[in-house]
Amino acid sequence: HAKSKGRAQTCFFDHAMTRQMAKRREIEADLRKALKQNELSVFFQPIVDLESGRIKTFEALVRWFHPEKGEISPAEFIPVAEETGMILTLGNWVTAQAAKVAMTWPADVNVAVNLSPLQIRAPGASLGIKNALQAAQLDPRRLEIEVTETLLIEDNHATTLFISELSELGVKFALDDFGTGFSSLSYINTFPFSKIKVDRSFVSSMQVGRRSEAIIRAVAEMGSTLGMEIVAEGVEDIEQLQAVRAAGCTLGQGYYFSRAVPDHLAAILLSKERDSDAQHATIARATG
Ligand code: C2E
Ligand code: MG
Ligand code: MG
Ligand code: MG
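Residues take numbers from 1 onward in each chain, read along the sequence in its written order. Here every chain gets a letter starting at A, and every ligand a number starting at 1, in the order they are written. Given that this is a predicted model, residues contribute local features only at a pLDDT of at least 70 and side-chain atom pairs are listed and counted only at 80 or more, while totals for whole chains, interfaces and linings are drawn from all residues. Heavy atoms throughout the structure, all of them, feed into the side-chain values; hydrogens and water do not.

### Description of the site of ligand 1
- Close contacts around ligand 1 come from 22 residues, with Arg63, Asn114, Asp176, Glu236 and Tyr255 the closest.
- N or O atoms closer than or at 3.5 Å make up a polar contact, with two conditions inside protein: a donor-capable atom paired with an acceptor-capable one, and, for residues adjacent in sequence, both atoms drawn from side chains. Glu59 is positioned with one of its side-chain polar atoms (N or O) 3.0 Å from an oxygen atom of ligand 1.
- In isolation ligand 1 has 800 Å² of accessible area, and contact with the protein removes 82% of it.
- Counting from the N terminus, the helices are DSSP H or I runs at least four residues long and the strands are E runs at least two residues long. Secondary structure elements with two or more residues in the shell around ligand 1: strand S2 (55–66), helix H2 (74–84), helix H3 (87–102) and strand S6 (172–178).
- The dominant element in the shell around ligand 1, judged by the number of residues it contributes, is S2, at 4 residues.
- Residues belonging to the shell around ligand 1 are distributed by class as follows: 8 nonpolar, 6 polar and 8 charged. Proximity criterion: a residue is near a molecule or strand once any of its heavy atoms comes within 4 Å of it. Here, Shrake-Rupley sampling with a 1.4 Å probe gives the accessible areas, and only protein chains in the shown set may cover a residue. The classification used treats Ala, Val, Leu, Ile, Met, Phe, Trp, Tyr, Cys and Pro as nonpolar, Asp, Glu, Lys and Arg as charged, and all other residues, Gly among them, as polar.

The following block contains the structure:
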(Lines give C-alpha, C1' and ligand atoms only; values in the text may rest on other atoms or scores of the structure.)
(Ligands and ions follow the chains in the order given, each with its own letter.)
Protein backbone atom coordinates (compact mmCIF):
# COMPACT_ATOMS: atom_id res chain seq x y z
CA HIS A 1 0.00 0.00 0.00
CA ALA A 2 2.79 2.36 0.98
CA LYS A 3 4.51 1.64 -2.30
CA SER A 4 1.49 2.41 -4.45
CA LYS A 5 0.89 5.60 -2.51
CA GLY A 6 4.49 6.59 -3.11
CA ARG A 7 4.10 5.98 -6.81
CA ALA A 8 0.94 8.05 -6.98
CA GLN A 9 2.73 10.94 -5.33
CA THR A 10 5.68 10.68 -7.71
CA CYS A 11 3.25 10.70 -10.58
CA PHE A 12 1.52 13.80 -9.30
CA PHE A 13 4.86 15.45 -8.75
CA ASP A 14 5.95 14.65 -12.33
CA HIS A 15 2.77 16.15 -13.75
CA ALA A 16 3.25 19.30 -11.75
CA MET A 17 6.87 19.54 -12.88
CA THR A 18 5.96 18.99 -16.52
CA ARG A 19 3.26 21.63 -16.35
CA GLN A 20 5.65 24.05 -14.70
CA MET A 21 8.30 23.46 -17.35
CA ALA A 22 5.80 23.84 -20.18
CA LYS A 23 4.66 27.12 -18.68
CA ARG A 24 8.24 28.39 -18.48
CA ARG A 25 8.90 27.48 -22.11
CA GLU A 26 5.73 29.28 -23.08
CA ILE A 27 6.75 32.40 -21.17
CA GLU A 28 10.17 32.21 -22.79
CA ALA A 29 8.76 32.07 -26.32
CA ASP A 30 6.26 34.82 -25.54
CA LEU A 31 8.93 37.01 -24.00
CA ARG A 32 11.13 36.77 -27.09
CA LYS A 33 8.20 38.03 -29.13
CA ALA A 34 7.35 40.69 -26.57
CA LEU A 35 10.83 42.18 -26.74
CA LYS A 36 10.55 42.51 -30.52
CA GLN A 37 6.96 43.69 -30.60
CA ASN A 38 7.06 46.41 -27.96
CA GLU A 39 4.77 44.70 -25.48
CA LEU A 40 6.99 45.78 -22.60
CA SER A 41 6.93 49.15 -20.94
CA VAL A 42 8.55 50.83 -18.00
CA PHE A 43 6.43 52.22 -15.17
CA PHE A 44 7.60 54.50 -12.38
CA GLN A 45 6.82 54.38 -8.66
CA PRO A 46 7.68 57.39 -6.46
CA ILE A 47 9.99 57.13 -3.47
CA VAL A 48 9.04 59.92 -1.11
CA ASP A 49 10.94 61.92 1.49
CA LEU A 50 9.03 61.22 4.72
CA GLU A 51 9.98 64.62 6.11
CA SER A 52 8.95 66.90 3.25
CA GLY A 53 6.58 64.57 1.41
CA ARG A 54 8.40 65.27 -1.84
CA ILE A 55 9.29 62.75 -4.53
CA LYS A 56 13.04 62.16 -4.47
CA THR A 57 13.30 59.19 -6.81
CA PHE A 58 11.16 57.11 -9.13
CA GLU A 59 11.83 53.37 -9.24
CA ALA A 60 11.58 51.99 -12.78
CA LEU A 61 9.56 48.75 -12.86
CA VAL A 62 9.11 46.76 -16.03
CA ARG A 63 5.57 45.91 -17.15
CA TRP A 64 4.39 43.36 -19.67
CA PHE A 65 0.98 43.67 -21.25
CA HIS A 66 0.44 40.53 -23.26
CA PRO A 67 -2.07 41.04 -26.12
CA GLU A 68 -4.05 37.88 -25.22
CA LYS A 69 -3.02 36.94 -21.69
CA GLY A 70 -3.19 40.41 -20.19
CA GLU A 71 -0.66 41.69 -17.71
CA ILE A 72 2.09 39.27 -16.69
CA SER A 73 3.92 39.98 -13.42
CA PRO A 74 7.68 40.57 -13.34
CA ALA A 75 7.80 37.99 -10.55
CA GLU A 76 6.76 35.48 -13.22
CA PHE A 77 8.86 36.55 -16.21
CA ILE A 78 12.03 38.06 -14.69
CA PRO A 79 13.22 34.63 -13.44
CA VAL A 80 12.62 33.20 -16.92
CA ALA A 81 14.50 36.12 -18.48
CA GLU A 82 17.35 35.41 -16.07
CA GLU A 83 17.50 31.70 -16.88
CA THR A 84 17.53 32.30 -20.61
CA GLY A 85 19.94 35.22 -20.62
CA MET A 86 17.27 37.50 -22.08
CA ILE A 87 17.64 39.64 -18.96
CA LEU A 88 20.67 41.29 -20.56
CA THR A 89 18.70 42.71 -23.49
CA LEU A 90 15.67 43.39 -21.32
CA GLY A 91 17.70 45.04 -18.56
CA ASN A 92 19.64 47.32 -20.87
CA TRP A 93 16.41 48.31 -22.53
CA VAL A 94 14.78 49.17 -19.17
CA THR A 95 17.80 51.23 -18.08
CA ALA A 96 17.90 53.12 -21.39
CA GLN A 97 14.16 53.88 -21.19
CA ALA A 98 14.40 54.92 -17.55
CA ALA A 99 17.32 57.26 -18.22
CA LYS A 100 15.51 58.87 -21.16
CA VAL A 101 12.37 59.51 -19.10
CA ALA A 102 14.39 60.83 -16.14
CA MET A 103 15.76 63.56 -18.43
CA THR A 104 12.25 65.02 -18.59
CA TRP A 105 12.12 65.50 -14.78
CA PRO A 106 13.59 68.23 -12.60
CA ALA A 107 17.31 67.63 -12.03
CA ASP A 108 16.86 66.85 -8.33
CA VAL A 109 14.66 63.83 -9.04
CA ASN A 110 16.57 60.56 -9.44
CA VAL A 111 15.70 57.32 -11.16
CA ALA A 112 16.29 53.82 -9.77
CA VAL A 113 16.60 50.61 -11.77
CA ASN A 114 16.71 47.00 -10.59
CA LEU A 115 19.60 44.95 -11.83
CA SER A 116 19.77 41.16 -11.79
CA PRO A 117 22.95 39.47 -10.59
CA LEU A 118 23.42 38.17 -14.12
CA GLN A 119 23.47 41.68 -15.55
CA ILE A 120 26.19 42.68 -13.15
CA ARG A 121 28.36 39.62 -13.66
CA ALA A 122 28.12 39.65 -17.47
CA PRO A 123 31.32 40.64 -19.26
CA GLY A 124 31.35 44.37 -19.91
CA ALA A 125 28.28 44.82 -17.71
CA SER A 126 29.00 48.42 -16.82
CA LEU A 127 29.08 49.30 -20.51
CA GLY A 128 25.32 48.72 -20.82
CA ILE A 129 24.72 51.22 -18.03
CA LYS A 130 27.23 53.74 -19.34
CA ASN A 131 25.71 53.53 -22.83
CA ALA A 132 22.23 54.15 -21.43
CA LEU A 133 23.46 57.19 -19.49
CA GLN A 134 25.37 58.50 -22.49
CA ALA A 135 22.50 58.03 -24.93
CA ALA A 136 20.14 59.93 -22.65
CA GLN A 137 22.78 62.44 -21.53
CA LEU A 138 21.73 61.72 -17.95
CA ASP A 139 24.03 62.78 -15.11
CA PRO A 140 25.27 59.48 -13.56
CA ARG A 141 24.62 60.96 -10.10
CA ARG A 142 20.90 60.77 -10.89
CA LEU A 143 20.98 57.00 -11.39
CA GLU A 144 20.44 54.57 -8.53
CA ILE A 145 20.98 50.85 -8.97
CA GLU A 146 19.00 48.47 -6.77
CA VAL A 147 20.53 45.10 -6.03
CA THR A 148 19.40 42.28 -3.77
CA GLU A 149 21.39 40.42 -1.21
CA THR A 150 21.59 37.23 -3.25
CA LEU A 151 23.85 39.05 -5.67
CA LEU A 152 26.40 39.76 -3.04
CA ILE A 153 26.62 36.25 -1.69
CA GLU A 154 28.62 35.44 -4.76
CA ASP A 155 30.91 38.30 -4.01
CA ASN A 156 33.23 37.90 -6.93
CA HIS A 157 35.62 40.14 -8.78
CA ALA A 158 33.17 41.11 -11.53
CA THR A 159 30.64 42.39 -8.98
CA THR A 160 33.19 44.42 -7.08
CA LEU A 161 34.53 45.90 -10.31
CA PHE A 162 31.05 46.80 -11.56
CA ILE A 163 30.11 48.56 -8.35
CA SER A 164 33.38 50.45 -7.95
CA GLU A 165 33.50 51.52 -11.61
CA LEU A 166 30.01 52.98 -11.57
CA SER A 167 30.36 54.43 -8.07
CA GLU A 168 33.30 56.42 -9.36
CA LEU A 169 31.02 57.99 -11.98
CA GLY A 170 28.60 58.96 -9.21
CA VAL A 171 26.02 56.20 -9.68
CA LYS A 172 24.45 55.22 -6.33
CA PHE A 173 23.62 51.77 -5.05
CA ALA A 174 20.69 50.61 -2.94
CA LEU A 175 20.35 47.29 -1.14
CA ASP A 176 16.86 46.06 -2.09
CA ASP A 177 14.48 43.82 -0.12
CA PHE A 178 16.67 44.06 2.95
CA GLY A 179 15.95 41.38 5.49
CA THR A 180 14.63 38.70 3.15
CA GLY A 181 17.76 37.08 1.80
CA PHE A 182 20.77 35.78 3.55
CA SER A 183 21.36 39.12 5.21
CA SER A 184 24.81 39.74 6.33
CA LEU A 185 26.09 42.95 7.78
CA SER A 186 29.36 42.37 5.98
CA TYR A 187 27.68 43.36 2.69
CA ILE A 188 26.88 46.73 4.13
CA ASN A 189 30.44 46.95 5.36
CA THR A 190 31.94 45.93 2.01
CA PHE A 191 29.84 47.75 -0.58
CA PRO A 192 29.21 51.49 -0.77
CA PHE A 193 25.43 51.50 -0.44
CA SER A 194 23.76 54.86 -0.09
CA LYS A 195 20.37 53.31 0.64
CA ILE A 196 18.86 50.31 2.34
CA LYS A 197 15.35 49.34 1.32
CA VAL A 198 13.62 47.49 4.14
CA ASP A 199 11.45 44.76 2.67
CA ARG A 200 7.69 45.17 2.60
CA SER A 201 7.22 42.09 4.81
CA PHE A 202 8.65 44.02 7.79
CA VAL A 203 6.51 47.07 7.11
CA SER A 204 3.28 45.08 6.75
CA SER A 205 3.87 43.16 9.97
CA MET A 206 4.68 46.25 12.04
CA GLN A 207 1.25 46.64 13.63
CA VAL A 208 1.05 42.97 14.42
CA GLY A 209 4.28 42.44 16.21
CA ARG A 210 6.64 44.79 17.95
CA ARG A 211 9.56 42.66 16.77
CA SER A 212 9.46 43.96 13.20
CA GLU A 213 9.21 47.49 14.55
CA ALA A 214 12.33 46.95 16.64
CA ILE A 215 14.14 45.56 13.62
CA ILE A 216 13.24 48.53 11.42
CA ARG A 217 14.26 50.91 14.21
CA ALA A 218 17.64 49.21 14.55
CA VAL A 219 18.24 49.25 10.80
CA ALA A 220 17.29 52.93 10.63
CA GLU A 221 19.65 53.74 13.47
CA MET A 222 22.49 51.91 11.78
CA GLY A 223 21.66 53.70 8.52
CA SER A 224 21.81 57.14 10.03
CA THR A 225 25.10 56.36 11.76
CA LEU A 226 26.60 55.14 8.49
CA GLY A 227 25.14 58.01 6.45
CA MET A 228 22.71 55.82 4.54
CA GLU A 229 19.07 56.51 3.81
CA ILE A 230 16.53 53.93 4.90
CA VAL A 231 13.58 53.32 2.62
CA ALA A 232 10.43 51.63 3.92
CA GLU A 233 9.02 49.50 1.10
CA GLY A 234 5.33 48.72 0.68
CA VAL A 235 3.77 51.49 2.79
CA GLU A 236 0.07 50.97 2.18
CA ASP A 237 -1.75 53.13 4.71
CA ILE A 238 -1.36 56.08 7.05
CA GLU A 239 -0.75 53.86 10.10
CA GLN A 240 2.21 52.23 8.39
CA LEU A 241 3.46 55.61 7.26
CA GLN A 242 3.39 56.91 10.83
CA ALA A 243 5.01 53.75 12.15
CA VAL A 244 7.93 53.73 9.71
CA ARG A 245 8.50 57.43 10.20
CA ALA A 246 8.54 56.97 13.97
CA ALA A 247 10.99 54.09 13.53
CA GLY A 248 13.39 56.45 11.77
CA CYS A 249 12.99 55.61 8.08
CA THR A 250 13.82 58.64 5.94
CA LEU A 251 12.10 57.57 2.73
CA GLY A 252 8.97 55.63 1.88
CA GLN A 253 7.53 53.81 -1.10
CA GLY A 254 4.20 52.09 -1.51
CA TYR A 255 0.60 52.18 -2.59
CA TYR A 256 -0.18 54.79 0.06
CA PHE A 257 1.78 57.28 -2.05
CA SER A 258 1.27 55.81 -5.50
CA ARG A 259 1.53 52.61 -7.50
CA ALA A 260 3.96 52.42 -10.39
CA VAL A 261 2.53 54.58 -13.17
CA PRO A 262 3.36 55.23 -16.84
CA ASP A 263 5.74 58.11 -17.57
CA HIS A 264 3.04 60.63 -18.45
CA LEU A 265 1.41 60.13 -15.03
CA ALA A 266 4.79 60.38 -13.28
CA ALA A 267 5.16 63.77 -14.96
CA ILE A 268 1.74 64.78 -13.62
CA LEU A 269 2.72 63.76 -10.07
CA LEU A 270 5.79 66.00 -10.37
CA SER A 271 3.93 68.95 -11.84
CA LYS A 272 1.36 68.75 -9.01
CA GLU A 273 4.26 69.11 -6.59
CA ARG A 274 5.53 72.13 -8.44
CA ASP A 275 2.05 73.69 -8.50
CA SER A 276 1.68 73.30 -4.76
CA ASP A 277 5.19 74.76 -4.29
CA ALA A 278 4.16 77.78 -6.35
CA GLN A 279 0.98 78.08 -4.29
CA HIS A 280 2.94 77.96 -1.04
CA ALA A 281 5.32 80.61 -2.36
CA THR A 282 2.41 82.85 -3.29
CA ILE A 283 0.84 82.42 0.14
CA ALA A 284 4.19 83.09 1.78
CA ARG A 285 4.60 86.29 -0.23
CA ALA A 286 1.06 87.41 0.54
CA THR A 287 1.30 86.71 4.23
CA GLY A 288 5.01 87.21 4.76
P1 C2E B 1 11.23 45.31 -6.10
O2 C2E B 1 12.41 45.87 -6.79
O3 C2E B 1 11.34 45.08 -4.64
O4 C2E B 1 10.03 46.31 -6.43
C5 C2E B 1 8.99 46.61 -5.55
C6 C2E B 1 7.77 45.77 -5.87
O7 C2E B 1 6.78 45.97 -4.85
C8 C2E B 1 7.07 46.16 -7.18
O9 C2E B 1 6.46 44.99 -7.70
C10 C2E B 1 6.00 47.14 -6.70
O11 C2E B 1 4.94 47.28 -7.60
C12 C2E B 1 5.59 46.48 -5.42
N13 C2E B 1 5.00 47.42 -4.46
C14 C2E B 1 5.32 48.70 -4.26
N15 C2E B 1 4.58 49.24 -3.27
C16 C2E B 1 3.77 48.28 -2.83
C17 C2E B 1 2.75 48.23 -1.81
O18 C2E B 1 2.45 49.20 -1.11
N19 C2E B 1 2.12 47.03 -1.64
C20 C2E B 1 2.41 45.94 -2.40
N21 C2E B 1 1.72 44.83 -2.18
N22 C2E B 1 3.36 45.95 -3.36
C23 C2E B 1 4.03 47.11 -3.57
P24 C2E B 1 6.62 44.55 -9.22
O25 C2E B 1 6.63 45.75 -10.12
O26 C2E B 1 5.62 43.49 -9.47
O27 C2E B 1 8.08 43.93 -9.28
C28 C2E B 1 8.43 42.80 -8.55
C29 C2E B 1 9.91 42.57 -8.59
O30 C2E B 1 10.34 42.27 -9.92
C31 C2E B 1 10.73 43.80 -8.18
O32 C2E B 1 10.79 43.91 -6.76
C33 C2E B 1 12.07 43.49 -8.82
O34 C2E B 1 12.80 42.60 -8.02
C35 C2E B 1 11.64 42.76 -10.09
N36 C2E B 1 11.68 43.72 -11.21
C37 C2E B 1 10.75 44.62 -11.63
N38 C2E B 1 11.20 45.31 -12.71
C39 C2E B 1 12.45 44.85 -12.97
C40 C2E B 1 13.45 45.15 -13.97
O41 C2E B 1 13.30 46.04 -14.82
N42 C2E B 1 14.62 44.43 -13.92
C43 C2E B 1 14.84 43.47 -12.97
N44 C2E B 1 16.00 42.82 -13.00
N45 C2E B 1 13.93 43.17 -12.02
C46 C2E B 1 12.75 43.84 -12.01
MG1 MG C 1 13.63 47.41 -6.36
MG1 MG D 1 12.24 45.81 -3.09
MG1 MG E 1 11.12 42.66 -4.32
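### Quick look at the coordination of the magnesium ion (ligand 2)
- Here a donor is an N, O or S atom found within 2.8 Å of the metal, or within 3.2 Å if the metal is Na, K or Ca; sites may look incomplete because water is not among the atoms. At this site the magnesium ion (ligand 2) is bound by Glu59 (OE), Asn114 (OD1), Glu146 (OE) and Asp176 (OD), with donor distances of 2.0 to 2.2 Å.
- A separation of 3.9 Å is found between the magnesium ion (ligand 2) and the magnesium ion (ligand 3), both of which receive a donor from Asp176. Of this pair, Asn114 sits in strand S4 (residues 110–114) while Glu146 sits in strand S5 (residues 143–148), placing them 32 residues apart in sequence.
- Relative accessibility thresholds used throughout: buried, under 20% of the residue-type maximum; exposed, over 50%; partly exposed, between the two (1.4 Å probe, protein chains only). On the basis of relative accessible area, Glu146 is assigned to the buried category, the value being 2%.

### Describing the nonpolar core
- Residues belong to one nonpolar core when they are buried, are Ala, Val, Leu, Ile, Met, Phe, Trp, Tyr or Cys, and are joined through side-chain atoms within 4.5 Å. Counting residues in each nonpolar core, the largest one holds 69 residues, and the members touching the most others are Leu31, Phe44, Phe77, Leu90, Trp105, Ile145 and Phe162.
- If you tally residues by element for this core, the top one is H3, at 7 residues.
- Note on definitions: a residue-residue contact is assigned when non-hydrogen atoms from the two residues lie within 4.5 Å. In this structure Ile145 touches Val113, Leu115, Ile129, Phe162, Leu166, Val171, Lys172, Phe173 and Ala174, once residues within four positions along its chain are discounted.

### Looking at H3
- To estimate how far a helix should reach, multiply one less than its number of residues by 1.5 Å. Given a rise of 1.5 Å per residue, 16 residues ought to cover 22 Å, and the 22 Å separating the end C-alpha atoms of H3 matches this to within 8%.
- What H3 keeps buried is the set Ile87, Leu90, Gly91, Val94, Thr95, Ala98, Ala99, Val101 and Ala102. Considered in projection along H3, the buried side chains sweep an arc of 165° and stay on one side of the axis. Pointing more than 90 degrees away from the buried face of H3 are the exposed residues Thr89 and Lys100. In this description, the arc belongs to the directions extending from the helix axis to the C-beta atoms.

Just geometry here; none of it tells us what the structure is for.
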